[in-house]
Protein chains: 2
Amino acid sequence: MSTNPEAGFELDPRLAADTIQVADWDLCRVLLMNDAQFPWLVLVPRRRGLAELDDLDPGDRALLLQEIQRAMQTLRNAVAYDKFNVGALGNIVRQLHIHVIARRRTDAAWPGPVWGYGRAVAYAPDARDRLLTALRWAGDG
Amino acid sequence: MSTNPEAGFELDPRLAADTIQVADWDLCRVLLMNDAQFPWLVLVPRRRGLAELDDLDPGDRALLLQEIQRAMQTLRNAVAYDKFNVGALGNIVRQLHIHVIARRRTDAAWPGPVWGYGRAVAYAPDARDRLLTALRWAGDG
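Let us look at the structure shown here. Everything numeric here is computed off the predicted structure, so don't read it as measured data.

### Overview of the overall build of chain A
Within chain A one finds 3 helices and 5 strands. When the helices and strands of chain A are listed from N to C terminus, the series reads α-β-β-β-α-β-β-α. For a compact globule of 141 residues, the expected C-alpha radius of gyration is about 14 Å, and chain A comes in at 15 Å, within 12% of that figure. C-alpha atoms of chain A, sized along the principal axes, occupy 50 × 30 × 25 Å. Counting only residues that meet the buried cut, chain A has 53% of its 141 residues in that class. Counted over contacts in chain A with a minimum sequence separation of 6, partners at least 24 positions apart contribute 58%. Summed over its atoms, the accessible surface of chain A is roughly 6700 Å², and 49% of this surface lies on carbon and sulfur atoms. Placing the 17 positive and 18 negative side-chain charges of chain A at their respective mean positions leaves the two points 4 Å apart.

Here it is, written out as structure tokens:
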């Protein structure tokens, strides 16, 4: 038996297609949703076969909570925002993933949710690279 | 200074108007959204002046995580579901509150989010009372 808790973890192909990898934290792969309309991180615990929050074992659950806070702090340090939206839905992609989104009163979907809001608008390469740099710097704090 | 951590807590009037009280757990007031389209609990930490998840102090944050799991288990014991949606948005009601929703592939909003989905359909009194009884029973487990 493998003792590597990440054994068998594979990022869902749809999440992979819609995002850009920012970092790997202790538990989660940290992804930036490739949608310039919303500063939007997605945390994916690198564990196999998870769908619901309580599929995580208690230690990982506590770690997830810390990493959600770390994602909030990362966004705080990198972008302007009025409110965070944090959610675990999984209606389309079943692999457990947690959205952490910095919402602005002036954003396209406000005050509605971002999920199901029209089409993503991909970042221009320059803007994407600047944001990734800022997020990686902020996330190390 | 008061040592009562609930001092000054008042449920937001909009949350109060849209929901029915199920119970008070250690940290949260547990509410049932009065929308028969979705089995939908709302957890409101009984603390004053919270808006974001990381406004909670660390002990309360751990308790919130436990109560989110308890809400999921409560719904599991009371209704049929395919997937949970858990979210903290607060774009409209700023008081920190966490949605825990039992989603079904056949529900009106699937696979979209429930937030911003049309108008609530209030429970018929009988159905509401049966569900409240089931939730209170299940939530004590």
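### Points about the interface of chain A and chain B
With 32 residues of chain A at the contact, the number on the chain B side is 31 residues. Of the roughly 2600 Å² buried between chain A and chain B on both sides combined, carbon and sulfur atoms contribute 52%. Considering only the side of chain A, the residues that lose the most area to chain B are Glu52(A), Lys83(A) and Asn91(A), jointly responsible for 23% of the buried surface there. In this assembly, chain A and chain B are joined by 4 salt bridges. Residues Arg76(B) and Asp54(A) are paired through a salt bridge, measuring 2.8 Å at the closest nitrogen-oxygen approach. Inspection of the chain A/chain B interface yields 22 residue pairs in polar contact (both at pLDDT 80 or more). Sorting the residues of the side of chain A that touches chain B by element identifies α2 (58-78) and β4 (83-88) of chain A as the ones contributing at least two each.

### Regarding the packing of α2(A) against helix α2 (residues 58-78) of chain B
Two elements in contact, α2(A) and α2(B), have axes whose closest approach is 11 Å; the angle formed by their N-to-C orientations is 115 degrees. Crossing geometry of α2(A) relative to α2(B) is assigned as right-handed. Side by side, α2(A) and α2(B) meet where Arg61(A), Ala62(A), Leu65(A) and Gln69(A) of the first sit next to Arg61(B), Ala62(B), Leu65(B) and Gln69(B) of the second. Grouping the constituent residues of the contact of α2(A) with α2(B) by class yields 4 nonpolar, 2 polar and 2 charged.

### Thoughts on the packing of α2(A) against helix α3 (residues 125-139) of chain A
Residues and elements named next belong to chain A. Relative to each other, α2 and α3 sit at 125 degrees, their axes nearing to 8 Å. When the axis of α2 is compared with that of α3, the two are oblique. Between α2 and α3 lies a crossing of right-handed hand. Counted together, Arg70, Thr74, Leu75, Asn77 and Ala78 of α2 and Ala134, Leu135, Ala138 and Gly139 of α3 form the full contact between these two elements.

### Focus on the relation of the copies chain A and chain B
It takes a turn of 180 degrees to lay chain A on chain B, together with a shift of 0.0 Å along the axis; the resulting RMSD is 0.0 Å. Seen this way, the second copy is the image of the first under a two-fold rotation axis. Judged by C-alpha distance, Gly87(A) is the residue of chain A that lies nearest the rotation axis, at 2.0 Å. When you check the interface residues of chain A against chain B, 97% turn up at the interface there too, and the contact is symmetric in its surfaces.

Conventions and cut-offs
Residues numbered from 1 in each chain as written. Chains lettered and ligands numbered in written order. Predicted model: local features only at pLDDT ≥ 70, side-chain atom pairs only at ≥ 80, totals over all residues. Heavy atoms only, no water. Helix = DSSP H or I, 4+ residues; strand = E, 2+ residues; numbered from the N terminus. Rg over C-alpha atoms; globule rule 2.2 N^0.38 Å. Buried < 20%, exposed > 50% of the residue type's maximum accessible area, 1.4 Å probe, protein only. Contact = heavy atoms within 4.5 Å. Areas by Shrake-Rupley, 256 points an atom, 1.4 Å probe, with all protein chains shown as cover. Lys, Arg positive; Asp, Glu negative; His and termini not counted. Charge placed at Lys NZ, Arg CZ, Asp CG, Glu CD. Buried area = accessible area lost by both parts, 1.4 Å probe. Salt bridge = Lys/Arg side-chain N within 4 Å of Asp/Glu carboxyl O. Polar contact = N/O pair within 3.5 Å; in protein donor to acceptor, adjacent residues only side chain to side chain. Axes fitted to C-alpha atoms, helices over the stretch in contact; angles between N-to-C directions. Left-handed = near helix turned anticlockwise from the far one by under 90°. Nonpolar A, V, L, I, M, F, W, Y, C, P; charged D, E, K, R; others polar. Parallel < 35°, antiparallel > 145°, perpendicular 65-115°, else oblique. Least-squares fit on C-alpha atoms with pLDDT ≥ 70 in both.

From the geometry alone we can't say anything about function, so treat these as descriptive.
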